Number of protein chains: 2
Amino acid sequence: MQAKKTRQRDAIRAALEAAGRPLSTEEVLSSAQRQVEGLGIATVYRNVRSLVDEGWLVTVELPGQSPRYELSGKGHHHHFQCNCCGLVYELHGCVGSFRNVIPRGFLVTEHEVLLYGMCGGCRSTGHAKG
Amino acid sequence: MQAKKTRQRDAIRAALEAAGRPLSTEEVLSSAQRQVEGLGIATVYRNVRSLVDEGWLVTVELPGQSPRYELSGKGHHHHFQCNCCGLVYELHGCVGSFRNVIPRGFLVTEHEVLLYGMCGGCRSTGHAKG
DNA sequence: CTGCGTGCAAATGCTTTGCAAAGAC
DNA sequence: GTCTTTGCAAAGCATTTGCACGCAG
């Protein structure tokens, strides 16, 4: 079942395309509301879900936080969260290996790496470390 | 303010000590209920929180999942989740480095590594990969 | 005894769902 | 015109909180 083209759906996709980083549902809402006034949060949830189901978005989950969403098709990568501004950035490349930590008899099929610290912007503007 | 010793609190600590792996609130509840019938979920939440505040427990968060809790004092380590049985295991040691993925100007202060796959038990009992 | 800790039930916060009206095709 | 999508409000879930009672110290 192909989703219909609506102003709301277009605004939601535009918000995610423009961001260049993973956005939370609330971030999508406030960004898309600049194009479609009165846009409801339920519509954002519904469209984000359908965009994930279609494979246009992928879910980015950080431990203990609400999910974020980014455009799919970026290949294998990981994320960095700034402790200061809270933004999540995409990292390119991947860590070496973790062969040395895998218990005998275990099979590793996927992995996730999350880095935290301070982004270039926060460092250069002299914000205190959050 | 030191917490009082109660049957409920003892049972909750015993459950976590006996597990040897991170437990969810529900897992703590069902395990501790074997010692204290009628134990309420709110009591588990309250005690787990206070044990974390005291530093006796640490929170283990996997993306998109409810928090788990494990005894503190184990030093730096990461976790492995079996896609088959869902259990979370502690890993010893740490990955090499991720210097090559850090953007210029960023400062990394913490990191998290999560591995997923199939544990030794599930592999040897021939369960299908989940 | 005094007061903290417990169990229950109500409240909370985020996400999902039901439904009538609006919009896409 | 028909059928999907939307916005609102209500429903769900996991977690937290308020309160009266019971147990620890």
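Treat the numbers as computed from the prediction; the structure is a model and nothing was measured. (Residues numbered from 1 in each chain as written. Chains lettered and ligands numbered in written order. Predicted model: local features only at pLDDT ≥ 70, side-chain atom pairs only at ≥ 80, totals over all residues. Heavy atoms only, no water.)

Remarks on the relation of the copies chain A and chain B
The cut-off we apply is this: Only residues with pLDDT of at least 70 in both copies contribute their C-alpha atoms to the least-squares superposition of the copies. The contact rule is simple, with two residues in contact once any of their heavy atoms fall within 4.5 Å.
When chain A is fitted to chain B, the best match, at an RMSD of 0.0 Å, comes from turning it 180° and sliding it 0.0 Å along the axis. Both copies are brought into coincidence by an operation consistent with a two-fold rotation axis. The share of interface residues of chain A whose copies in chain B are also at the interface is 100%, consistent with both copies meeting through the same surface.

A short note on the nonpolar core
The cut-off we apply is this: Residues enter a nonpolar core if they are buried and are Ala, Val, Leu, Ile, Met, Phe, Trp, Tyr or Cys, with the set joined through side-chain atoms within 4.5 Å. Here the term buried applies to any residue with accessible area under 20% of the maximum for its type, exposed to any over 50%, and partly exposed to those in between, with areas from a 1.4 Å probe on protein chains only. Starting at the N terminus, helices and strands are each numbered in turn, a helix being any DSSP run of H or I of at least four residues and a strand any DSSP run of E of at least two.
Counting 26 residues, the largest nonpolar core has Phe80(A), Phe98(A), Leu115(A), Phe80(B), Phe98(B) and Leu115(B) as the members making the most contacts within it. Elements with a contribution of two residues or more to this core: β4 (78–82) and β6 (107–118) of chain A together with β4 (78–82) and β6 (107–118) of chain B. When residues in this core are grouped by element, the largest group, four residues, is from β6(B). Once residues within four sequence positions are removed from consideration, Phe80(A) is found in contact with Leu87(A), Val88(A), Tyr89(A), Leu91(A), Leu115(A), Tyr116(A), Gly117(A), Met118(A), Cys119(A), Phe106(B), Leu107(B) and Val108(B). The next biggest cluster of nonpolar side chains, apart from the first, holds 15 residues, and it includes Ala11(A), Ala15(A), Val28(A) and Val44(A).

Topic: the protein's contact with DNA strand C
Worth spelling out the cut-off: By convention in these notes, a residue is near a molecule or strand provided one of its non-hydrogen atoms lies within 4 Å of it. Two N or O atoms count as a polar contact when they lie within 3.5 Å, although within protein this holds only if one can serve as hydrogen donor and the other as acceptor, and sequence-adjacent residues are included solely when both atoms are side-chain atoms. Nonpolar residues are Ala, Val, Leu, Ile, Met, Phe, Trp, Tyr, Cys and Pro. Charged residues are Asp, Glu, Lys and Arg, and all others, Gly as well, are polar.
Inspection of the region around DNA strand C gives 20 residues, with Tyr45(A), Arg49(A), Thr6(B), Thr43(B) and Arg46(B) positioned closest. Among the atoms of DNA strand C close to the protein, meaning within 4 Å, 72% are from sugar or phosphate groups. Residue Lys5(A) places a main-chain N or O atom 3.4 Å away from a sugar or linking oxygen belonging to DNA strand C. Arg49(A) is positioned such that a nitrogen or oxygen atom in its side chain is 3.0 Å from a phosphate oxygen of DNA strand C. Mapped onto the surface near DNA strand C, the elements with two or more residues apiece are α3 (41–54) of chain A together with α1 (7–19) and α3 (41–54) of chain B. Among the residues forming the surface near DNA strand C, the class breakdown is six nonpolar, seven polar and seven charged.

Some words on the protein's contact with DNA strand D
Around DNA strand D lies a shell of 20 residues, among which Thr6(A), Gln8(A), Thr43(A), Arg46(A) and Tyr45(B) are the nearest. Counting only the atoms of DNA strand D within 4 Å of the protein, the fraction contributed by sugar and phosphate is 74%. Between DNA strand D and Thr43(A) there is a distance of 2.5 Å, counted from a phosphate oxygen to a side-chain nitrogen or oxygen. At the level of elements, α1 (7–19) and α3 of chain A together with α3 of chain B are the ones that each hand at least two residues to the surface near DNA strand D. Classifying every residue of the surface near DNA strand D gives six nonpolar, seven polar and seven charged.

Topic: the pattern of salt bridges
Note the threshold: One speaks of a salt bridge when a side-chain nitrogen belonging to Lys or Arg is within 4 Å of a carboxyl oxygen belonging to Asp or Glu.
Evaluation of the coordinates by the stated rule reveals eight salt bridges over all chains. Between Asp10(A) and Lys5(A) there is a salt bridge, and its shortest N-O distance comes to 2.7 Å. Using a relative accessible area of 27% as the deciding quantity, one classes Asp10(A) as partly exposed. Since its relative accessible area comes to 70%, Lys5(A) is described here as exposed. The closest approach of N and O atoms between Glu90(B) and Lys74(B), which form a salt bridge, is 2.8 Å. You can see Glu90(B) sitting in strand β5 (residues 88–91) and its partner Lys74(B) sitting in the loop between β3 (68–71) and β4, a full 16 residues away along the chain.

Regarding the sheet that holds β3(B)
All names here are of chain B. Spelled out, the test is: Strands qualify as paired when DSSP identifies two bridges or more between them. Helix axes are fitted to C-alpha atoms over the stretch in contact, other axes to C-alpha atoms as well, and angles between N-to-C directions run from 0 to 180 degrees.
The antiparallel open sheet is built from three strands, whose spatial order is β1-β3-β2. The open sheet has two free edges, formed respectively by β1 (23–24) and β2 (57–60), since each of these has just one partner strand. Both β2 and β3 contribute to a ladder of four bridges, which runs antiparallel. Considered in β3, the bridge of Thr59 is made with Tyr69. The strands that α3 touches are β2 and β3; relative to β2, the one it contacts most, it runs at about 110°.

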